[in-house]
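Residue-level listing of the chains:
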Amino acid sequence: MKTLYQKSFLKFSDFTYEEILYLIKLSKLVKRQKHNNTEQKHLKGKKIVLIFEKQSTRTRCAFEIAANDQGAYTTYIGPNDTHIGYKESIQDSAKILGQMYDGIQYRGYYDNILQNLKKYSNKPVWNGLTNTFHPTQILADLFTMIEACPNKKLQDIRCAYVGDAQNNIANTLLDAATFMKLKINIISPKIYQPKKIFLLKSNKKKINNTNISFTNDVKKGVENVDFIYTDVWVSMGENKDVWKKKINALYPYQVNQNMLDMTKNSNVKVLHCLPALHDKQSSLGLEIHNQFNINNGLEISNEVFNSPVNISFQQSENRLHTIKALLISCLSKKIFFKNKN
Ligand code: CP
Ligand code: NVA
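The rules we used
- Residues numbered from 1 in each chain as written.
- Chains lettered and ligands numbered in written order.
- Predicted model: local features only at pLDDT ≥ 70, side-chain atom pairs only at ≥ 80, totals over all residues.
- Heavy atoms only, no water.
- UniProt positions renumbered as here; feature names shortened; annotations may be inferred.
- Helix = DSSP H or I, 4+ residues; strand = E, 2+ residues; numbered from the N terminus.
- Pairing = 2+ DSSP bridges.
- Axes fitted to C-alpha atoms, helices over the stretch in contact; angles between N-to-C directions.
- Salt bridge = Lys/Arg side-chain N within 4 Å of Asp/Glu carboxyl O.
- Buried < 20%, exposed > 50% of the residue type's maximum accessible area, 1.4 Å probe, protein only.
- Contact = heavy atoms within 4.5 Å.
- Polar contact = N/O pair within 3.5 Å; in protein donor to acceptor, adjacent residues only side chain to side chain.
- Near = heavy atom within 4 Å.
- Areas by Shrake-Rupley, 256 points an atom, 1.4 Å probe, with all protein chains shown as cover.
- Nonpolar A, V, L, I, M, F, W, Y, C, P; charged D, E, K, R; others polar.
- Parallel < 35°, antiparallel > 145°, perpendicular 65-115°, else oblique.
- Left-handed = near helix turned anticlockwise from the far one by under 90°.

For the protein chain, an unreviewed UniProt entry supplies the name Ornithine carbamoyltransferase and the organism Buchnera aphidicola. The UniProt entry for the protein chain carries the following text under Catalytic activity (unreviewed entry): "carbamoyl phosphate + L-ornithine = L-citrulline + phosphate + H(+)". Taken verbatim from the UniProt record of the protein chain, the Sequence similarities (unreviewed entry) comment is "Belongs to the aspartate/ornithine carbamoyltransferase superfamily. OTCase family."

(A) Layout of the UniProt feature "domain: Aspartate/ornithine carbamoyltransferase carbamoyl-P binding" (unreviewed entry) in the protein chain. UniProt's entry tags residues 7-147 with the feature "domain: Aspartate/ornithine carbamoyltransferase carbamoyl-P binding" (unreviewed entry), counted in the numbering of this structure. Split by type, residues 7-147 is 48% helix and 13% strand. Its first and last C-alpha atoms lie 26 Å apart.

(B) Local environment of the sheet that holds strand E8 (residues 227-230). Taken in spatial order, the 5 strands of this open sheet run E7-E6-E5-E8-E9, and their pairing is parallel. Two strands bound the open sheet, and with one partner strand each, they are strand E7 (212-215) and strand E9 (269-272). Averaged over all pairs of adjacent strands, the angle between their axes in this sheet comes to 20°, without regard to strand direction. Relative to strand E6 (residues 183-187), strand E5 (residues 158-162) is paired through 5 bridges, and the arrangement is parallel.

(C) Layout of the pattern of salt bridges. All chains considered together, the criterion is met by 12 salt bridges. For aspartate 14, the salt bridge goes to lysine 11, with nearest N and O atoms at 2.9 Å. Aspartate 14 gets classed as partly exposed once you look at its relative accessible area, which sits at 23%. One salt bridge connects glutamate 147 with lysine 31, and the closest N-O pair in it is separated by 2.8 Å. Of this pair, glutamate 147 sits in helix H5 (residues 135-148) while lysine 31 sits in helix H1 (residues 17-36); the two residues are 116 residues apart in sequence, bridging distant segments of the chain. When its relative accessible area of 11% is taken as the criterion, lysine 31 is described as buried. A single network of salt bridges, built from pairs that share partners, joins Lys34, Glu39, Asp69 and Lys324.

(D) Here's a closer look at the environment of threonine 144. Tracing the backbone through its elements, the reader meets threonine 144 in helix H5. When the C-alpha positions of threonine 144 and tyrosine 76 are compared, they lie 27 Å apart, and in sequence the two are 68 residues distant. Setting aside anything within four residues of it in sequence, one finds threonine 144 in contact with Leu271, Ile311, Gln314, Gln315 and Asn318.

(E) Summary view of the side chain of asparagine 167. One can find asparagine 167 in the loop between E5 and helix H6 (168-180). A polar side-chain atom of asparagine 167 sits 3.0 Å from the main-chain amide nitrogen of isoleucine 169. Of the polar contacts made by the side chain of asparagine 167, one reaches the backbone nitrogen of alanine 170; its length is 3.0 Å. When neighbours within four sequence positions are excluded, asparagine 167 is seen to be in contact with Asn131, Thr132, Tyr161, Asp231, Val232 and Ser235.

(F) Seen up close, the environment of threonine 172. With respect to the helices and strands, threonine 172 occurs in helix H6. Along the chain, threonine 172 and phenylalanine 12 lie 160 residues apart, while their C-alpha atoms are 6.5 Å from each other. In contact with threonine 172, other than residues within four places in its own chain, are Phe12, Thr132, Phe133, His134, Pro135 and Ile138.

(G) Region of the structure containing the sheet that holds strand E2 (residues 73-77). The 4 strands are arranged E2-E1-E3-E4 in an open sheet whose pairing can be described as parallel. At either margin of the open sheet sits one strand with a lone partner, and together these are E2 and strand E4 (125-127). Between one strand axis and the next, the sheet turns through 20° on average, direction left out of account. Alignment of strand E1 (residues 47-52) against strand E3 (residues 103-107), held across 5 bridges, turns out to be parallel.

(H) Main features of the site of ligand 2. Inspection of the region around ligand 2 gives Leu129, His134, Asn167, Asn168, Asp231, Val232, Ser235, Met236, Cys273 and Leu274 as its neighbouring residues. Backbone polar atom of methionine 236 to an oxygen atom of ligand 2: 2.8 Å apart, as the coordinates give it. Considering ligand 2 on its own, with 270 Å² of exposed area, one finds that the protein chains cover 94% of that surface. A per-class count over the shell around ligand 2 returns 5 nonpolar, 4 polar and 1 charged.

(I) Representation of the site of ligand 1 in the model. Around ligand 1, the neighbouring residues are Ser56, Thr57, Arg58, Thr59, Arg107, His134, Gln137, Cys273, Leu274 and Arg319. Between ligand 1 and arginine 107, the relevant distance is 2.8 Å, taken from an oxygen atom to a side-chain nitrogen or oxygen of the residue. Computed on the free molecule, ligand 1 has an accessible area of 250 Å², of which 95% lies beneath the protein chains in the complex. Its residues assigned to classes, the shell around ligand 1 comprises 2 nonpolar, 5 polar and 3 charged.

(J) Quick look at the packing of H1 against helix H13 (residues 312-331). Relative orientation of the contacting elements H1 and H13 amounts to 115°, with a least axis distance of 8 Å. Considered as vectors, H1 and H13 are oriented roughly perpendicular to each other. As H1 packs across H13, the resulting crossing turns out to be right-handed. Where H1 abuts H13, its residues Tyr22, Leu23, Leu26, Ser27, Val30, Lys31, Lys34 and His35 lie against Glu317, Asn318, Leu320, His321, Thr322, Lys324, Ala325, Leu326, Ile328 and Ser329.

(K) Main features of the side chain of serine 316. Structurally, serine 316 can be placed in helix H13. In this structure, serine 316 is in contact with Arg58 and Leu274, ignoring residues within four places of it in sequence.

Below you can see the structure in the form of structure tokens.
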């Protein structure tokens, strides 16, 4: 495996199979070291800028804490804080940030912004979520699946993704599945199945995709899976007007006890990148539950969310460790494991 030093992570397939396994192995190491208070700092003096054009809790905090734990300095730039893209072009902004920082995290709308940041800053750029992809999330998810299935190889783990299969999480799972050989069943009504244009791009890589299946039949799709993964039905940046149409189409795809029973696997676990709309305790949750006369969660029922099958908080913690592994690997020359894994 070549070193990841100075590499960007704009989409999951920017890295190879070996590189992803290396990052997962390093995530395991830094997680153990953090828990044991034996962590070493590999990024002393490094400077990282965090650009957020959309809201965030986990991704922002994971980047900040990971950098801080490793001795690096961060600057957070929120949605209304800069000239970037409004009074100053992405090109000009990237040149300036590239002079001052060693790496750039970007969360926003369009992938071409990531590409321009990379091109004009000449520094590693990491995608913290766009409309199309969320690669740092899926890195944490694969690590979490491996932790939760210690006796299975990654390729033998079976995961169902259920709900809106046109969003950044579904796209990134598909991108990852193509070369990580993950067994993924995409379960969604026809109108929210992955867009053809996206699948064509995946197929162009001429990778055997027989490990990925698509269905609108929940019972068929979830049978014998190890994990059910879901995400919000309306993503950041989508118009609120789509809620009605999406609830009508996606309500039969809610992750609830009935769906868990259909897996016929008493050890099945539920994944969710979070935030989740499972109750009325957030203002958006309250608004949508009341507006559409719903009482027990949207993409996931409150009972399932609050039960031990839900391992989404383990996923959240793993955002920290996987982002830390990414930063260490891209900003320092240290190689932790020589073998192929
Ligand atoms: N899962 C995730 O990316 O969460 P945030 O939007 O809080 O960063
Ligand atoms: N699909 C969601 C993911 C949030 C982490 C969104 O883009 O809002």
